[in-house]
Amino acid sequence: MVEDDIRAVLGPLVEDEVYPGVAPDGAGQPRITYHWVGGKPLNFLAGVPDLRNGRLQVDVWALLDQDAARIIRQAEDALRLSPVLRAVTEGGALSDHEPDTKLYARKQTFSVWFKD
């Protein structure tokens, strides 16, 4: 599954602290969460395509903003170089801060092509 591929590509950047959606209570940091935020489905008149497309939002969370910035750049490179995910960057990373957890975030969206 594509979720396993995402974990395989991004996990080494944050000691496997990679979670779909929201990280569980007590999760380590730095960590990565990811969300599917749309995509461009392929439609054929006959049959089913062998590839699927999704817009993948990757969020890096860290105690220091500079760590979040470094890891999102590493994540961008890793996703773009993955022959399985075929990721294309859709824009630059956005900065954020979560006051409840006191974690800094960098968020970036990719177009990902994958086999289901």
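These figures come from a predicted structure and were not determined experimentally.

Q: Can you explain the side chain of D59? Please cite residues and give values.
A: Tracing the backbone through its elements, the reader meets D59 in strand β3 (residues 52-62). The side chain of D59 sits in the buried core without any salt bridge; K107 is the nearest counter-charge, 4.5 Å away. Within polar-contact distance, the side chain of D59 engages the side chain of Q57 at 2.9 Å. D59 has contacts with R31, I32, T33, H35, R106 and K107, leaving out every residue within four places of it along the chain.

Q: Describe in detail the pattern of salt bridges, supporting the description with residues and values.
A: Under the counting rule described, the total for this entry stands at 5 salt bridges. The shortest N-O distance in the salt bridge between K107 and D96 comes to 3.0 Å. Remark: D96 occurs in strand β5 (residues 94-98) and K107 occurs in strand β6 (residues 103-114); sequence separation between them is 11 residues. When its relative accessible area of 33% is taken as the criterion, D96 is described as partly exposed.

Cut-offs used in this document
Residues numbered from 1 in each chain as written. Predicted model: local features only at pLDDT ≥ 70, side-chain atom pairs only at ≥ 80, totals over all residues. Heavy atoms only, no water. Helix = DSSP H or I, 4+ residues; strand = E, 2+ residues; numbered from the N terminus. Buried < 20%, exposed > 50% of the residue type's maximum accessible area, 1.4 Å probe, protein only. Lys, Arg positive; Asp, Glu negative; His and termini not counted. Salt bridge = Lys/Arg side-chain N within 4 Å of Asp/Glu carboxyl O. Polar contact = N/O pair within 3.5 Å; in protein donor to acceptor, adjacent residues only side chain to side chain. Contact = heavy atoms within 4.5 Å.

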